[in-house]
Amino acid sequence: MVNYKDLGLVNTRELFKKAVKGGYAIPAYNFNNMEQLQAIIQACVETESPLILQVSKGARQYANQTLLRYMAQGAVEYAKEINNGKAIPIVLHLDHGPDFETCKSCIDYGFSSVMIDGSHLSFEENIALTKKVVEYAHAHDVTVEGELGVLAGIEDDVKAEKHTYTEPDEVEAFVKATGVDSLAIAIGTSHGAYKFKPGDDPKIRLDILAEIEKRIPGFPIVLHGSSSVPQDLVKIINENGGKLKDAIGIGEDQLREAAKSAVCKINIDSDGRLAMTAAIRKVFNDKPEEFDPRKYLGPARESLKALYIRKNKEVLGSAGHAFDAE
Ligand code: G3H
Ligand code: 13P
Ligand code: ZN
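Okay, so let's go over this structure. (Residues numbered from 1 in each chain as written. Chains lettered and ligands numbered in written order. Predicted model: local features only at pLDDT ≥ 70, side-chain atom pairs only at ≥ 80, totals over all residues. Heavy atoms only, no water.)

### A closer look at helix 2 (residues 34-46)
Along an α-helix, a turn takes 3.6 residues, which lines up residues three or four apart on a common side. The terminal C-alpha atoms of helix 2 lie 18 Å apart, and with 13 residues this matches the ideal 18 Å at 1.5 Å per residue to within 8%. Every buried residue of helix 2 is listed here: E35, Q36, L37, Q38, A39, I40, I41, Q42, A43, C44 and V45. Elements that come into contact with the buried residues of helix 2 comprise strand 1 (26-30), strand 2 (51-56), helix 4 (65-81), strand 3 (90-97), helix 11 (270-286) and helix 12 (293-316). Measuring from the side-chain oxygen of the N-cap residue of helix 2 to the backbone nitrogen of E35 gives 3.2 Å; that N-cap residue is N33. A positive backbone phi angle near 50° is found at E48, which sits one or two residues after helix 2. (Helix = DSSP H or I, 4+ residues; strand = E, 2+ residues; numbered from the N terminus. Expected span 1.5 Å × (residues − 1). Buried < 20%, exposed > 50% of the residue type's maximum accessible area, 1.4 Å probe, protein only. Contact = heavy atoms within 4.5 Å. Polar contact = N/O pair within 3.5 Å; in protein donor to acceptor, adjacent residues only side chain to side chain.)

### A short note on the layout of surface pockets
The calculated volume of the second largest pocket comes to roughly 160 Å³. For the lining of the second largest pocket, the per-class residue count stands at 5 nonpolar, 7 polar and 2 charged. (1 Å grid on protein atoms, 1.4 Å probe; cavity = no way out; pocket = protein on both sides within 12 Å on 5 of 7 lines; lining within 4 Å. Points joined across faces, edges and corners; volume = space filled by probe spheres on them. Nonpolar A, V, L, I, M, F, W, Y, C, P; charged D, E, K, R; others polar.)

### With respect to the nonpolar core
Grouped together as the largest cluster of nonpolar side chains are 91 residues, with contacts concentrated most on F31, L51, L53, I90 and L183. It is helix 12 that contributes the most residues to this core, 8 residues altogether. Grouped together as the second largest cluster of nonpolar side chains are 9 residues, L15, F16, A28 and V91 included. (Core = buried A, V, L, I, M, F, W, Y, C linked by side-chain atoms within 4.5 Å.)

### Digging into the coordination of the zinc ion (ligand 3)
In the first shell of the zinc ion (ligand 3), the protein supplies H96 (NE2), H191 (NE2) and H224 (ND1), at 2.0 to 2.1 Å from the metal. Here H191 falls in the buried class, since its relative accessible area comes to 15%. (Donors = N, O, S within 2.8 Å, 3.2 Å for Na, K, Ca; no water.)

### Side note on empty space enclosed by the protein
If you walk through the whole model with that rule in mind, you get 1 cavity of 30 Å³ or more. In this structure, the largest cavity is lined by N30, Q36, D269, G272, R273, L304 and Y308. Within the residue set of the lining of the largest cavity, elements represented by two or more residues are helix 11 and helix 12. A class-by-class count of the residues in the lining of the largest cavity yields 2 nonpolar, 3 polar and 2 charged.

### Some points on the site of ligand 2
Around ligand 2 lies a shell of 16 residues, among which D95, K195, S227, D269 and S270 are the nearest. Between ligand 2 and S270, the relevant distance is 2.7 Å, taken from an oxygen atom to a side-chain nitrogen or oxygen of the residue. Protein contacts shield 96% of the accessible area of ligand 2, which totals 300 Å² for the unbound molecule. Of all elements in the fold, only strand 3 and strand 10 (263-268) reach the threshold of two or more residues within the shell around ligand 2. (Near = heavy atom within 4 Å. Areas by Shrake-Rupley, 256 points an atom, 1.4 Å probe, with all protein chains shown as cover.)

### As for the packing of aromatic side chains
To describe a pair of aromatic rings, you give the distance between the ring centres and the angle between the ring planes. Throughout the structure, instances matching the rule amount to 4 aromatic pairs. Just above the ring of F323 sits the side chain of K86; from NZ or CZ to the centre is 4.0 Å. (Phe/Tyr/Trp six-rings, centres within 6.5 Å; stacked < 30°, edge-to-face > 60°. Lys NZ or Arg CZ within 6 Å of the ring centre and 35° of its normal.)

### Focus: the pattern of salt bridges
In the structure shown here, the tally under the stated rule is 26 salt bridges. When the shortest N-O distance is used, the salt bridge between E239 and K235 registers 3.1 Å. On the criterion of helical spacing, the pair formed by E239 and K235 is a turn pair, its members being 4 residues apart in helix 9 (residues 231-239). The same class applies to E239 as to K235, namely exposed. Each member of the salt-bridge network shares a partner with another, and the members are E252, D271, R310, K311 and E314. (Salt bridge = Lys/Arg side-chain N within 4 Å of Asp/Glu carboxyl O.)

### A look at the packing of helix 9 against helix 11
One can describe the packing of helix 9 onto helix 11 by two numbers: an axis separation of 8 Å at closest approach and a directional angle of 35°. The two elements helix 9 and helix 11 cross, and the hand of that crossing is left-handed. Side by side, helix 9 and helix 11 meet where L233, I236, I237 and E239 of the first sit next to D271, L274, A275, T277, A278, R281, K282 and N285 of the second. Among the residues making up the contact of helix 9 with helix 11, the classes are represented as 6 nonpolar, 2 polar and 4 charged. (Axes fitted to C-alpha atoms, helices over the stretch in contact; angles between N-to-C directions. Left-handed = near helix turned anticlockwise from the far one by under 90°.)

### With respect to a negative patch on the surface
Among the surface-exposed residues, E124, E125, E167 and E170 lie close enough to one another that they form a single negatively charged patch. Position of E170 among the secondary structure elements: in helix 7 (residues 168-178). (Patch = residues over 30% accessible without salt bridge, like charges linked within 9 Å, V, L, I, M, F, W, Y side chains within 5 Å. Lys, Arg positive; Asp, Glu negative; His and termini not counted. Charge placed at Lys NZ, Arg CZ, Asp CG, Glu CD.)

### A short note on the packing of helix 11 against helix 12
Packing of helix 11 against helix 12 brings their axes to within 8 Å, and their N-to-C directions diverge by 145°. Crossing handedness for the pair helix 11 and helix 12: right-handed. Judged by residue contacts, D271, G272, A275, M276, A279, I280, V283 and F284 of helix 11 engage K295, Y296, L297, P299, A300, S303, L304, L307, Y308 and K311 from helix 12. Residues belonging to the contact of helix 11 with helix 12 are distributed by class as follows: 13 nonpolar, 2 polar and 3 charged.

### Quick word on the pairing of strand 8 (residues 182-185)
Side chains S182 and A184 project from strand 8 onto one buried face, and the interleaved L183 and I185 project onto a second face that is buried too. In this structure, strand 8 lies alongside strand 9 (residues 221-223), joined through 3 bridges in parallel fashion. Its bridge partner lying in strand 9, A184 is registered against V222. (Pairing = 2+ DSSP bridges.)

### Describing the environment of Y165
Considering the arrangement of structural elements, one finds Y165 in the loop between strand 7 (159-160) and helix 7. Judged by its relative accessible area of 32%, Y165 falls in the partly exposed class. Considering only alpha carbons, one finds Y165 and K203, 38 residues apart in sequence, at a separation of 13 Å. Among residues more than four places away in sequence, those in contact with Y165 are G149, A186, I187, G188, R205 and I208.

Now the structure itself:
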């Protein structure tokens, strides 16, 4: 059993309070390898942003749970080292926890926050499962994210063809019955690089968000599936041998708008995948003689870092808020 506090991590409670009050969202960036972690830490330290490092069940299997724990601890130490000894607040979060056992195992291995994704269950079953996770997590001072509504797109074990928007009438009862610390909602974002089809109106339902906020004022809201699928990255990928047809994301202006509300955590994974892939494809195409991984993972790391810096500054508004007073 490892306590996250011994790793130098924090839970989300205070960070979310400040984010809701300050009208910004904390970046939740997925990672599963060293270059991604370096880019995330460098970008968040340079922009003085609080940070949620998130790991899916699949990423945990890919990277190994023991290694991940030390990577998170290393991330805190690294953040201190490059910031004159002062670490930005860092949360280690389980993304899309599929069951109680995975959440418990993450808590026991040093995670400071977990998501239990019961969004595919009935309302009653979702409440029962989420409540069980909250009881275990809160006994260890770990915070919990629940989800109501179904996002389209592909997740670890859950495939949803169509999304079902979160029903504003249900949120208050869910939050009260479960004791969750934050709530992920479905308002038209979706996972992956193909969020809309050509000809769709690529808008998220900010009206439903406003309705939800009325029912649970000031309660921390989370947006999944918030990659914007930058078209310059898609172009580089396709010009260098890739085949991404009609990849369309969420407009950054809409995310900026959402971040000003009680949306205090925004999940971005696919954009990072695109940035990394574009940089690597370009090196492979331009310099086919290269075979030192540092020669293509290095540029990938730089491209990721630039992406995260821009997100923190221009989209989430989290830049400059790492050391906000309460
Ligand atoms: O929402 C899902 C995240 O993008 C994680 O993806 O399950 O392929 O690691 P993954
Ligand atoms: P994207 O696929 O839009 O990056 O969403 C990531 C996510 O929601 C992780 O939980
Ligand atoms: Zn998600």
